[in-house]
Amino acid sequence: MFNDIQQTIEDKIKAFCAANDIALAPLKWSAIPFSGEWGVSTSFFQTAADEARAGKSTGKPVPQRAQELAEQVKLQMGSVEGISHVEAVKGYLNVYFETSAYARRVVDTVLAAGADFGRGAAKGERVMVEYCQPNTHHSFHIGHYRTTILGESLARLTQFAGFETIRASYPGDLGLGVITVMWAYNKFYKGQEPAGVHERGQWLLKIYAEATALLEKKDDETPEQTAQREAYDAERREMYRKWDAGDAEVRALWLETREWSLEEMRDILNTLDVKMDVWFYESEVDEPSKGIVEELVARGIATDERPQGGAVIVKIDEKLGLAKEKYRTAVLLRSDGTTLYLTKDLALARVKFEQYHVDRSIYVVDFRQSLHFQQAFKILEMWGFPQAAKCYHLPYGYITLPEGAMSARKGRVILFKDVADEAVKRVLAVESEKSGDIPASEREAIAAQIGLGALAYSILSVDNNKDIVFDMNEALSFDGRTGPYIQNAHVRATSILKKSKVEGQMSDLRPSTFDYELTKHEVELIEQISKFPAAVEQAANEYRPMVMAMYAYDLANTFHSFYHAVPVLQTDDESARNARLRLVAAARQTIANSLRLLDIQAPDVM
Ligand code: ARG
């Protein structure tokens, strides 16, 4: 974890090589797990191999030469502060830290950095994470929650790792689904409107299901029913035409009903502590996307087959000279001149690149849109955007309840609000039973932290590509890989500190001199804490919140074992007690930092 000691050693190696005319290959360091001491290790195989290839070899085989270099470096090393000893073994240089000094540095570093412990240096790159992009005129379901929690966690990770991060939403606010709801509302419910943000959002979904039932062709229709259905459909198409033409009344109705969905969405984002920086709407990129089609035709990327009664298309595979089908052919403009979802994504990407100057562009979207994004990114590349190489679709699988699949058309949808309310209700019931010491006024807020934490963790701890069958009891359990299990580690650490009365005044404690024989559990806890910065880096670079979810569980698990096995307040030796208290405080801080990156609250009591 401590790059400065590593750097000092690296500088010494470099100086030695420069003085002896040795072309040193870049050094790779890896941690040596605790075996009485912690350490780091690097090898000289690459340097020896490079020498041999360059004909500068001393005639020795590469492994032997690597060992010779390691030994020479070791001899030159001298004493370095914090280092106990150095070994040259089989071409490797192993550098060992003084245990008590290392332990103390880990703990002191965490406590000095606090909430910033693990923060990466500025990367000088701007990332836009686009997530939570439901279609409007519809209610917020559990699938929308999956993109929201994945995207928010990823945004927190990239930001903390040192990327300048912009959070963006992109609601789908146009198209036949939207018009269908507006038509049915206008025809059957005009002027009505349930009170309550969520009631209104959910009502739109009900109208949508009713409308699709009315407009759907049935096998055993009577001629009257057929006529009725066709008349409805004609009305709907007329409304679509008017919307397209910018008819004032239809547009006003559209904005009003759209706002109902957006209000519900904002309320949920607020509950989830998500603060979007930018709101893009599909309707806003519709017009600009038409201009793009012309540009792509003029540049010879798209083919205009409208004169033959066709559409405007991009024959991606053909243009790339691919024999096998991969990106296929994409349609950009229908023969009637209307744009497609893909066309609008091209326009949106241009806005992201040109107006927001993003270097990396991440889309957290359902896995079923994979081909769509492959096509979009490929066309952006053909169009000449170098950023296309750093566009990334983070896909996610289905989420269902044991009861079965969802269908918006049939109104069978698992609403996020219902699941969240149920989770919080269940936590509250248990809390009221057994947490006598939590004042009733605080219980509700804590139950929300636990219930929502359980939901978040149950999603983030699963590979994004996997489908999830959500099991409420499992998610809420205090044992196993769950949010509450990790939160409980934070609670336990807090309670030790509270009892010691040093909470908030860590600085009053003397520095942690770990100059006693550390137990196995202390060693493991220190080691686990020291891995946090690398876990942040990995999760952010690989765009995988799951890496952080796994890390948080391992840390909590290590802490729980420590908690059961190692006395802290009951330690007789005062200096050891101080050191352990500081270790508990460092663990608590690291648990809080990991939970924050998962958008999970860290309660002090539960
Ligand atoms: N609104 C779309 C849907 O519900 C998701 C939008 C994803 N983002 C994008 N840039 N295409 O399927």
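This is a predicted model, so every value here is computed, not measured. (Residues numbered from 1 in each chain as written. Predicted model: local features only at pLDDT ≥ 70, side-chain atom pairs only at ≥ 80, totals over all residues. Heavy atoms only, no water.)

(A) Inspection of the packing of aromatic side chains at higher detail. Evaluated as defined, the whole model comprises 29 aromatic pairs. Ring centres of Tyr185 and Trp203 lie 5.8 Å apart, and the angle between their planes is 90 degrees; on these two criteria the pair is classed as edge-to-face. In this pair, Tyr185 is assigned in helix α6 (residues 176-189) and Trp203 in helix α7 (residues 197-215), connecting sequence segments 18 residues apart. Summarising the burial analysis for this pair, Tyr185 and Trp203 share the class buried. With a centroid separation of 6.3 Å and an interplanar angle of 40 degrees, the aromatic rings of Phe559 and Tyr563 are classed as tilted. Note that Phe559 and Tyr563 are positioned in helix α20 (residues 545-565) at a spacing of four residues, about one turn of the helix. Classification of Tyr563 by relative accessible area gives partly exposed; the value is 30%. Here the aromatic cluster, defined as three or more aromatic residues joined through ring pairs, consists of Phe34, Trp38, Phe97 and Tyr102. Lying over the aromatic face of Trp254, Arg258 brings its terminal NZ or CZ to 5.1 Å of the ring centre. A cation sits over an aromatic face here: Arg258 above Tyr281, 4.2 Å from the ring centre. (Phe/Tyr/Trp six-rings, centres within 6.5 Å; stacked < 30°, edge-to-face > 60°. Helix = DSSP H or I, 4+ residues; strand = E, 2+ residues; numbered from the N terminus. Buried < 20%, exposed > 50% of the residue type's maximum accessible area, 1.4 Å probe, protein only. Lys NZ or Arg CZ within 6 Å of the ring centre and 35° of its normal.)

(B) Local environment of the sheet that holds strand β2 (residues 39-43). Judged by pairing direction, the sheet is antiparallel, and its four strands sit side by side in the order β1-β2-β4-β3 without closing on themselves. The open sheet terminates on both sides in strands that have one partner only, identified here as β1 (30-32) and β3 (83-89). Neighbour-to-neighbour, the strand axes of the sheet open up by a mean angle of 25 degrees, direction not taken into account. Sheet analysis places β1 next to β2, joined by three bridges and oriented antiparallel. Pairing of Ala31 across the sheet is with Val40, part of β2. Relative to the sheet, helix α1 (residues 3-19) contacts β2, β3 and β4 (92-97), its axis offset from that of β4 by approximately 140 degrees. (Pairing = 2+ DSSP bridges. Axes fitted to C-alpha atoms, helices over the stretch in contact; angles between N-to-C directions. Contact = heavy atoms within 4.5 Å.)

(C) Structural context of the nonpolar core. Of all hydrophobic cores here, the largest spans 128 residues; its most connected members are Ile13, Ile529 and Met548. With eleven residues, helix α21 (residues 574-597) is the largest single contributor of residues to this core. Other than its neighbours up to four places away in sequence, Ile529 contacts Val106, Val110, Phe117, Tyr551, Leu555, Leu583, Ala586, Ala587 and Thr590. By size, the runner-up hydrophobic cluster in this structure holds 38 residues, among which are Phe353, Val358, Tyr363 and Ala376. (Core = buried A, V, L, I, M, F, W, Y, C linked by side-chain atoms within 4.5 Å.)

(D) Here's a closer look at the site of the ligand. Taken together, Glu130, Gln133, Asn135, Tyr170, Gly172, Tyr341, Asp345, Leu348, Tyr363, Val365, Gln369 and Phe373 form the complete shell of residues around the ligand. Contacts to the ligand include Gln369, whose side-chain N or O atom sits 2.9 Å from an oxygen atom. In isolation the ligand offers 340 Å² of accessible surface; the protein chains occlude 87% of this area. Counting residues per element, the ones that place at least two in the shell around the ligand are α12 (341-354) and β11 (360-366). By residue number, the principal contributor to the shell around the ligand is α12, which donates three residues. Classifying every residue of the shell around the ligand gives six nonpolar, four polar and two charged. (Near = heavy atom within 4 Å. Polar contact = N/O pair within 3.5 Å; in protein donor to acceptor, adjacent residues only side chain to side chain. Areas by Shrake-Rupley, 256 points an atom, 1.4 Å probe, with all protein chains shown as cover. Nonpolar A, V, L, I, M, F, W, Y, C, P; charged D, E, K, R; others polar.)

Shape is all these values report; function is a separate question.
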